[in-house]
Amino acid sequence: MMRKRRAFWQSPYARMTLGLICLCLALLGGNQKRPAYAQTLESVPPAQGDHLATTVLCAPGIYLTLPEDCLLAGPAAYMTELARLGISLPRLPLDYAPIDPALGEVDVRYGQVVNPNAPVYGSLEDAIKRNKKNAVARLDGETVYISYTQEMEMDGRRFYMIDYNQWMTANDVSRIGVLPRSNGLIFRQTPKNPFGWVLNYFAPGPVETKRTPGNQNSDYTGHILELYEVVQVYAVETVNEESWYLIAPDEWVLGKYIARVIPNTTPPEGVPGDRWIEVNLYDQTLAVYENRQLIFATIIASGAEPFWTQPGLFQIYEKHEKTPMRGSFSADGSDAYYLEDVPWTMYYDKARALHGAYWRTKMGFEQSHGCVNMAVGDAHWLFNWAQVGDWVYVWDPSGRTPTDPALYGAGGF
């Protein structure tokens, strides 16, 4: 049977040729917006410019050196510049694996004490009767969280056992239903490019990429970035004192909406071995290095003014699977805090620690009283990896966090 012959325009070669022609026209068209990093005819070096009339465009591809027999413009210039930025076509995904969700599970449940001077009853019967005269303790403070192992409901009222035969009522305790999600990433090898998580907490609306950096043009792409989406960062440009990140060809996003990790496999000054933890106060990220390879990264919540997380080089000196935290920062104790069963705690700078924070609903911005807070699952992964004596390097690339030791007390949660 004779096969029907396809028209030329239906062939793959023709479609590829037409696609390249369209791309050339788009890049070289008179009134079209060109990528900021694509070489145009006006930017061709004089040695080539003298022969523009006789020089042909270079074939699409990546050119490591400036070619002498063709004009590096159009698709060739575009692909070469993308390669220089670390972008291949098609783009290679970031090679990582999420942590095991089971790491975020705990064998206790948590609640926030919502009333001042809340009573703790010595029996379930006293709690049911609300016999405050028989209260064995009272919990008071600005920030108080309890853990409970048993929950009872009677006559439509709920009660929590916070310790052996010690009960509180639901009038005084608000349960924490869902712990903050883990965002930790595990790497088999160090990524070639910086990367980060999308944080749109403070954006006036959806975080949408733009074709050019800056707010001077409304050239939005229609690509909406989701909360905690992981993106790669290929280039940075500063426009009106704001940093913009290139996360894909012709897609820029305001830097403050990305919690970024910049892989650096060189040990910080003073670290003698090949194991260390890096805490980046500006980007609100934590990175773990072993054998000079990035093996783990996540987002954190560090200390907010005036309870900054102190920059410097420290060592983990104590670890606890669960531990209470209590204290205050004012002389009258009005800002007292009491936190039960803080999970996966690693002390490294006086009372400052790396730990899981079940009371935080969001990570990625300064909000603690000096500790480095993480989602419970992320802290669990770090706890399993870390050893007493491991180095913790805390720094702020922006230089905004004070470094004067006199400004820092013992620290807090």
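What you see is a predicted model, and the numbers here were worked out from it, not measured in a lab. (Residues numbered from 1 in each chain as written. Predicted model: local features only at pLDDT ≥ 70, side-chain atom pairs only at ≥ 80, totals over all residues. Heavy atoms only, no water.)

Moving on to the overall build of the protein. Broken down by element type, the protein carries five helices and 27 strands. By the burial criterion, 47% of the 413 residues in the protein qualify as buried. Sequence separation of 24 or more characterises 65% of the internal contacts of the protein that already satisfy a separation of 6 or more. Entry remark: accessible area of the protein is about 21800 Å², with carbon and sulfur atoms responsible for 51%. (Helix = DSSP H or I, 4+ residues; strand = E, 2+ residues; numbered from the N terminus. Buried < 20%, exposed > 50% of the residue type's maximum accessible area, 1.4 Å probe, protein only. Contact = heavy atoms within 4.5 Å. Areas by Shrake-Rupley, 256 points an atom, 1.4 Å probe, with all protein chains shown as cover.)

Our focus in this paragraph is the environment of Val233. In this structure, Val233 sits in the loop between β14 (230-232) and β15 (235-239). Looking at Val233, the relative accessible area reads 2%, which means it is buried.

Formed by 61 residues in total, the largest nonpolar core has its most connected members in Ile277, Val279, Leu286, Leu354 and Leu382. Those residues within four positions of Val279 in sequence are excluded, and the remaining contacts are Thr285, Leu286, Ile300, Leu354, Val372, Val392, Tyr393, Val394 and Trp395. Ranked by size, the runner-up nonpolar core spans 22 residues in total, among them Ala203, Val239, Ile247 and Tyr257. (Core = buried A, V, L, I, M, F, W, Y, C linked by side-chain atoms within 4.5 Å.)

Moving on, we get to the environment of Pro191. Mapped onto the fold, Pro191 is located in the loop between β10 (185-186) and β11 (195-198). What Pro191 contacts, discounting residues up to four positions off in sequence, is Leu94, Pro263 and Leu294.

Let us look at helix α3 (residues 74-84). Counting buried residues along α3, eight of its 11 residues qualify, which places the element largely inside the surrounding structure. Within α3, the full set of buried residues consists of Gly74, Pro75, Ala76, Ala77, Tyr78, Thr80, Glu81 and Leu82. Two residues or fewer after α3 comes Gly86, characterised by a positive phi angle close to 90°.

So, about the sheet that holds strand β18 (residues 258-261). As summarised here, the arrangement of the three strands in space is β14-β11-β18, forming an open sheet in which the pairing is antiparallel. The strands lining the two open edges of the sheet, one partner per strand, are β14 and β18. Neighbouring strand axes in the sheet, compared pairwise and without regard to direction, differ in orientation by 30° on average. Bridging between β11 and β18 involves four bridges; their strand directions are antiparallel. Bridge pairing links Val198 to Ile258 in β18. (Pairing = 2+ DSSP bridges. Axes fitted to C-alpha atoms, helices over the stretch in contact; angles between N-to-C directions.)

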